Amino acid sequence: MTVSFDIQHDELAHRFHTVVDGQHCQLVYSLGGPGGAVMSVDHTGVPAAVGGRGIAAALVQAAFALARQRGWKVNPACSYAAVWAQRHANVADLLV
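Bear in mind that the values here come from a model prediction, so they are computed numbers and not experimental data.

K.L.:
Help me get a handle on the overall build of the protein chain, residues and values and all.
P.N.:
Within the protein chain one finds two helices and five strands. Along its sequence from the N terminus, the protein chain presents helices and strands in the succession β-β-β-β-α-β-α. At 13 Å, the protein chain has a C-alpha radius of gyration in line with the 12 Å of a compact globule built from 96 residues. Along the longest, intermediate and shortest principal axes, the C-alpha atoms of the protein chain span 40 × 30 × 20 Å. For the protein chain, with 96 residues in total, the buried portion stands at 33%. Long-range pairs, those at least 24 residues apart, make up 42% of the contacts in the protein chain with a sequence separation of at least 6. With the model as given, the accessible surface of the protein chain reaches about 5500 Å², and the carbon-plus-sulfur share is 52%.

So this is what it looks like as structure tokens:
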């Protein structure tokens, strides 16, 4: 069974976010590098009350999907994002 979350992208705030069972979950990124074409995933936050449901993975997946769509590279500075990227060979070409 695949669980999906209503993940929103707030481009001005450089974050992806969703609310699950009243808990706010987010991924915060910054842009840098030549032409602002490197997305640094700086923080992934999921409250313990809703942890273990794949929310962080969905947030990171959304960030990588945006990076691919926009032709950006990704620096998974957040430890969770780094582990996620190591487990998903299909995003290896996006890593800096």
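K.L.:
Give me the lowdown on the packing of helix α1 (residues 55-70) against helix α2 (residues 79-87), citing residues and values where you can.
P.N.:
Axis separation between α1 and α2 bottoms out at 10 Å; the angle between their running directions is 75°. For the element pair α1 / α2, the angle class is roughly perpendicular. For the pair formed by α1 and α2, the contact residues are A56, A57, V60, Q61 and F64 on the first element and Y80, A81, W84 and A85 on the second. Among the residues forming the contact of α1 with α2, the class breakdown is eight nonpolar, one polar and no charged.

K.L.:
So what's going on with the packing of aromatic side chains? Residues and values would help.
P.N.:
Counting across every chain of the model gives two aromatic pairs. Relative to Y29, the ring of F16 lies with its centre 5.8 Å away and its plane at 40°, an arrangement referred to as tilted. Of this pair, F16 sits in strand β2 (residues 15-20) while Y29 sits in strand β3 (residues 23-32), and the two are 13 residues apart along the sequence. For the pair F16 and Y29, one class covers both residues: buried. With centroids separated by 5.2 Å and ring planes inclined at 40°, the aromatic side chains of F64 and W84 adopt a geometry described as tilted. Here F64 is found in helix α1, whereas its partner W84 is found in helix α2, with 20 residues between them in sequence. You'll find F64 and W84 in the same group, each marked buried.

K.L.:
Before we move on, could you go through the sheet that holds strand β5 (residues 73-75) and cite the residues and values that matter?
P.N.:
Within the open sheet, the five strands sit side by side as β1-β2-β3-β4-β5. Their pairing is mixed. In the strand order of this sheet, the two ends are held by β1 (8-10) and β5, each with one partner. Averaged over all pairs of adjacent strands, the angle between strand axes in this sheet comes to 25°, irrespective of strand direction.

K.L.:
Would you mind going over the pattern of salt bridges in detail, with residue names and values included?
P.N.:
Enumeration according to the criterion identifies three salt bridges in this entry. A salt bridge links R70 to E11; the shortest N-O distance between them is 2.7 Å. Placement of the pair is R70 in helix α1 and E11 in the loop between β1 and β2, with a sequence separation of 59 residues. The exposure class assigned to R70 is partly exposed, which follows from its relative accessible area of 35%.

Reading guide: rules and limits
- Residues numbered from 1 in each chain as written.
- Predicted model: local features only at pLDDT ≥ 70, side-chain atom pairs only at ≥ 80, totals over all residues.
- Heavy atoms only, no water.
- Helix = DSSP H or I, 4+ residues; strand = E, 2+ residues; numbered from the N terminus.
- Rg over C-alpha atoms; globule rule 2.2 N^0.38 Å.
- Buried < 20%, exposed > 50% of the residue type's maximum accessible area, 1.4 Å probe, protein only.
- Contact = heavy atoms within 4.5 Å.
- Areas by Shrake-Rupley, 256 points an atom, 1.4 Å probe, with all protein chains shown as cover.
- Axes fitted to C-alpha atoms, helices over the stretch in contact; angles between N-to-C directions.
- Parallel < 35°, antiparallel > 145°, perpendicular 65-115°, else oblique.
- Nonpolar A, V, L, I, M, F, W, Y, C, P; charged D, E, K, R; others polar.
- Phe/Tyr/Trp six-rings, centres within 6.5 Å; stacked < 30°, edge-to-face > 60°.
- Pairing = 2+ DSSP bridges.
- Salt bridge = Lys/Arg side-chain N within 4 Å of Asp/Glu carboxyl O.

None of this, on its own, says anything about what the molecule does.
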